Structure formats: C-alpha cells, structure tokens
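Report on the structure
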Amino acid sequence: MEQHPSCLAMKKPNPNRRYSFKSILIILSLVLPACKSTKELPVAQTAPLLEKPKNIVLLIGDGMGLSQISGLIYSQKDASSFEAFPVIGFHKSYSYDDLITDSAAGATAFSCGVKTFNNAVGLNKDTLPELTILEEAEQYGLSTGLIATSSIVHATPAAFIAHQPMRTMYEAIAADFLKTEIDFFLGGGEEYFNNRKTDKRDLIQELKAKNYNVLHDYSDFVPKKFNPEKNLAFFTESKHPTSAIAGRNYLANAASLALDFLENHGEKGFFLMIEASQIDWGGHSNDETMVIREMQDFDRTIKRVLEYARKKGDTLVILTADHETGGFSLQPGSKFGNIKGGFTTNGHTASLVPVFAFGPAAKTFSGIYENTNIHKLMRLALGFVQAETEKNQN
Ligand code: MG
Ligand code: ZN
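Parameters at a glance
- Residues numbered from 1 in each chain as written.
- Chains lettered and ligands numbered in written order.
- Predicted model: local features only at pLDDT ≥ 70, side-chain atom pairs only at ≥ 80, totals over all residues.
- Heavy atoms only, no water.
- Donors = N, O, S within 2.8 Å, 3.2 Å for Na, K, Ca; no water.
- Tetrahedral: all angles 85-135°; square planar, octahedral: opposite > 155°, others 65-115°.
- Helix = DSSP H or I, 4+ residues; strand = E, 2+ residues; numbered from the N terminus.
- Buried < 20%, exposed > 50% of the residue type's maximum accessible area, 1.4 Å probe, protein only.
- Contact = heavy atoms within 4.5 Å.
- Salt bridge = Lys/Arg side-chain N within 4 Å of Asp/Glu carboxyl O.
- Pairing = 2+ DSSP bridges.
- Axes fitted to C-alpha atoms, helices over the stretch in contact; angles between N-to-C directions.
- pLDDT = per-residue confidence, 0-100.
- 1 Å grid on protein atoms, 1.4 Å probe; cavity = no way out; pocket = protein on both sides within 12 Å on 5 of 7 lines; lining within 4 Å.
- Points joined across faces, edges and corners; volume = space filled by probe spheres on them.
- Nonpolar A, V, L, I, M, F, W, Y, C, P; charged D, E, K, R; others polar.

1. Some points on the coordination of the zinc ion (ligand 2)
- On the protein side, the zinc ion (ligand 2) has Asp280 (OD), Asp280 (OD), His284 (NE2) and His348 (NE2) as donor atoms, found 2.0 to 2.3 Å from it.
- Coordination at the zinc ion (ligand 2) comes from four donor atoms whose angles at the metal span 57 to 154°, giving a geometry best classed as irregular.
- Each donor residue of the zinc ion (ligand 2) lies on one chain, and together they are spaced D-x3-H-x63-H. Here His348 lies in strand β12 (residues 348–349) and Asp280 lies in helix α11 (residues 279–284), a separation of 68 residues in the sequence.

Shown next, in the form of structure tokens:
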C-alpha cells in the first residue's frame, strides 16, 4: 500500500527541527503529573507571564462569594459572564488584624499589595501611606479610572486613591482625589466634595480648575464623546446611589463610557477599577433578592467589559471580590429561577474568594494565593516590576 506523500514528509527526520517553547510546555504538562509522587502535596505555582496587556480592568463585586455567583447562574436563563472566563483562582481575603476582612483592608490588599488593619484605606499596618496601583499607573503615564455603585469615596474605590486610617473619613478621602491625576471617576457622594463640614472647600470648583469636566446627573446619561483633553468626574448622586431594585442601572453604561473615554484619553493604556458595591449590602441585610439583582446588574457590566476585551485583545480583565458577605447559601427548596437563600451572619465571612481572569497574562491568576498577590500580578502584567528593577540597576 502506497503511503500518502504528506505522511512520508512528516516521518522524515529533520535535523533542523526545534521544539517551540509552547510544545515543550505541552510535553512537560503531560509528563510531569505522571512522575509526581502521590504522597506529595500539590503546590499551586504561578504560571509564567507569557503575554503583556496594555490595559487592566479590575472588576470587584463587593461581598461576592461562590454562592452569590451560584445564585446568579441559577437565576437566569442566559449564560452568565462568569462562565466565559478561562482562568479561575482563589484568594485568601484575611486582613492584617482579622481573619474577617472589611472592604477597606480588602481593597487595600489589591491596590497596595499589603495586608493592613480593617478600616484603613491606602495605608500599611504601620499607618504609613502606600503607593496604590492607580497612582503608580499614573506615574507610568497610563490613564486611570474608578467606578462604583456606592459613593465614590466609599471604602473600595477609596483604597485605590486615598490614604486614610478610617474609611468613614469621607471628606478627607474626597480631598485625596485632588492630590492625584485620576482621569475618570464615576459614582455617588457628591456632597463630600461640595457640602463639606470639615472645611469650606468646594472640591467641584477645584476639580473644574484642574481640567475636569464635572457631570451631575445620570438620568440624562447618554453615551457620548467627551473632550478627551479633559478629565471626567461624574457624580450620579449627592449621597449613596440607590439599589438596583429601586431602579439604579448605570453601571454597565458607565463601564462602556469609561472604556471608550480611557482608550481615547491616552496612548499608553489604562487601569480601570469597576466596583459592584451593593452585593455586599444585600448580604448585610440578608436579602437574597437584593443580592441576586445586584449580581445581575454586575453580570451585564462584566459582559460589556468582556466584549471590549475580546475585541481589543490587549486588555487583561480580572474579576474578584474583597470578601464574601452574609455566609450566603442556596438552601434546599431552591429551584432554577427561584433561589431560596440562607445566611449565617449579617457580617462578612472568611471563605476563600474566587478570582476570574481573561486576556493577556490571565494564566498567572490560577491557583490559591494571598489577596495581596493580585497587586503583585497586576504590576507584573503592566511591566512595573521590570521597570522598577531596571531603575534600581541604573
Ligand atoms: Mg465596597
Ligand atoms: Zn460589607
């Protein structure tokens, strides 16, 4: 029987043959598990950094644990955005002084890479300010943005831009915004900028003087082009924004607006943090309907970000939570489309928190690691670590 010429060609040894890096990795991954002793404990290794993103979008669902995600998935017919992520890991959310973190210490671990005490934003355990990933991105010439469905001075966004020992120092946190070059921010809490009790400063006027377009109302929120030469501050409410159940629905549009704005605002890429703030509040009030409605609002937003990242190919998307809230579970009697939720606490819990990643360098986010590792991996992905090493060598 005559062999097909292409089979012969394949069998012919080629002295110039080189195995590609990728094929070696594939061979190693097949061979190594077979060699490993079954007595050894598995150790999660961070995958090598293979690609470098231009942009990072960090999505934080405050208080979002595995049951909150399960509740979303079993509540709707459409596949959730969570199922589109190829890489999943877990982080250990505990803070410096408590196994149960709060949102301030939880977000500071992401923003600064340090475990700090509960209630602190942007400070280390010795109450000294730490450079945040947002401030560092500014130093490297990237554009930066923060979006929240709480007030913009609330703990999670605050940890990326402010340095205060108490998360409730809202006016001091608002003033810290003026010390940065943040390009885009959107959320509630305008009163901490223009109706201040601690001083008579009008931070809205100060923002305008610092080249910001300032917008006040999202009822007329129509995606449009803004002057990319100016920064953008968008206050959706004077106080905290309302819940998704009560009609708040700006998050997905805000994400689209920010992505478009930041892409056109500079050439070196951007860092954007988007928080679904009120999943946590649903957990605190042991309200499963609120938890799931906030999760659905977040899911729509994540889909917008993934669409963008798929189209562009240069954007690393990281999706995680600071901690779980409520000890939420899906109780017996739950059905598809009708979740019967149960709670074990009206506070936070210490369960491991899932991390989802998509895009260049996503592989580095697999495994189980400290919450501070997310900061380290973002710096690696954006090349800050390499740049720092080069700077020290010169
Ligand atoms: Mg929060
Ligand atoms: Zn909370």
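2. Considerations on the environment of Ala350
- You can see Ala350 is positioned in the loop between β12 and β13 (353–358).
- Classification of Ala350 as partly exposed rests on a relative accessible area of 31%.
- Along the chain, Ala350 and Ser95 lie 255 residues apart, while their C-alpha atoms are 9.9 Å from each other.
- Once residues lying within four places of it in the same chain are set aside, the contact partners of Ala350 are Ser93, Leu99 and Ile100.

3. What about helix α13 (residues 372–382)?
- Burial within α13 is extensive, with nine of its 11 residues counted as buried.
- Residues of α13 that are buried include every one of Thr372, Asn373, Ile374, His375, Leu377, Met378, Arg379, Ala381 and Leu382, and no others.
- Immediately beyond the C-terminal end of α13, within one or two residues, lies Gly383, with a positive phi of roughly 80°.

4. Structural notes on the pattern of salt bridges
- Within this structure, the stated rule accounts for 14 salt bridges.
- Ionic pairing is found between Glu206 and Arg201, a salt bridge with its closest N-O pair at 2.8 Å.
- Accessibility expressed as a relative area gives 27% for Glu206, which makes it partly exposed.
- Arg201 gets classed as partly exposed once you look at its relative accessible area, which sits at 34%.
- Each member of the salt-bridge network shares a partner with another, and the members are Arg248, Glu294, Asp297 and Arg300.

5. Focus on the sheet that holds strand β1 (residues 55–61)
- On the basis of which strands lie adjacent, the open sheet formed by 10 strands has the order β5-β6-β4-β3-β7-β1-β8-β13-β2-β14 and mixed pairing. Whereas interior strands pair on both sides, the edge strands pair on one side only; in this sheet they are β5 (212–215) and β14 (367–370). Averaged over all pairs of adjacent strands, the angle between their axes in this sheet comes to 15°, without regard to strand direction.
- When strand β8 (residues 315–320) meets β13, the two strands line up antiparallel, connected through three bridges. Looking at β13, one finds that Leu319 is bridged to Phe356.
- Taken strand by strand, α13 contacts β1, β2 (87–92), β7 (270–276), β8, β13 and β14, and its axis lies near 105° from that of β14.

6. Section: the confidence of the model for the protein
- Scored by pLDDT, the protein has a mean of 89; 85% of the residues are at 70 or more.
- Counting contacts from residues 27–39, a segment whose pLDDT is below 50, to residues more than four positions away or on other chains yields two contacts.

7. Some remarks on the layout of surface pockets
- There is about 170 Å³ of room inside the second largest pocket.
- As for the second largest pocket, its lining consists of Leu131, Glu136, Gln139, Tyr140, His375, Arg379, Glu388 and Lys391.
- At the level of secondary structure, the elements contributing two or more residues to the lining of the second largest pocket comprise α5 (133–139), α13 and α14 (384–393).
- The residue inventory of the lining of the second largest pocket, partitioned by class, reads two nonpolar, two polar and four charged.

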